[in-house]
Amino acid sequence: MNYFHRQIQLWGEQTQRALSDKRILIIGAGGLGSSLSYALGASGIGRISVVDFDTVAPHNIHRQFDLILDATDNLATRAQIDAFAKQIGVPWVFASVDSWQCQVCFVQNADFKFFPSLNATPAGITAAIVMFAASFEANLALRYLAGLEVEKDLLYYANFFGGELELRKIKL
């Protein structure tokens, strides 16, 4: 527990011990997924499973997860994750990066059909914006897994196009 001393200051030793019993699934092992794995593993999450380069389907996702974290880079896969999460009654968090912007959302009851097209192709990205989005997604996951308040079904949109951070919140 010494390793987690600074986190224990935030939420107490009992919550830190509880995190070691939590199980999460990260879908996608690219920039977002690897950042999430690192951040949540270093925070003491007990079991982290990562799925990548495979079709998202019930046969490769066990039903014992506390939370699903999407780290993929396409909307069609996110729609499948949403359907699966609703089917098994598990909330999920997604982060999406495109150019100088990102979106992060903790999805519990909202319908993922708020995106007009599932065939959009992302533009170029920088590692910095990917890490920003992954950190935001990891923070939402940690707060939820630690039993702290998390705003659900609220899309956070961060825009760095003008060189200054613009943040919008959109209720789904």
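Residues numbered from 1 in each chain as written. Predicted model: local features only at pLDDT ≥ 70, side-chain atom pairs only at ≥ 80, totals over all residues. Heavy atoms only, no water.

(A) Quick look at unusual backbone geometry. A positive phi angle is found at S99, which is not glycine, with a value near 60°. Mapped onto the secondary structure, S99 falls in the loop between β4 (92-98) and β5 (101-107). Even without being a glycine, D153 presents a positive backbone phi close to 55°. The residue D153 is located in the loop between α5 (127-145) and β6 (154-159) in this model. Overall, the relative accessible area of 8% leaves D153 in the buried class. (Helix = DSSP H or I, 4+ residues; strand = E, 2+ residues; numbered from the N terminus. Buried < 20%, exposed > 50% of the residue type's maximum accessible area, 1.4 Å probe, protein only.)

(B) Main features of the environment of Y144. For Y144, the location among the structural elements is in helix α5. When its relative accessible area of 25% is taken as the criterion, Y144 is described as partly exposed. Taking C-alpha positions, Y144 is 8.7 Å from L67, a pair spaced 77 residues apart along the chain. The contacts of Y144, once residues within four sequence positions are left out, are D66, L67, P91, F106, V150 and K152. (Contact = heavy atoms within 4.5 Å.)

Any link to function would need more than the numbers given here.
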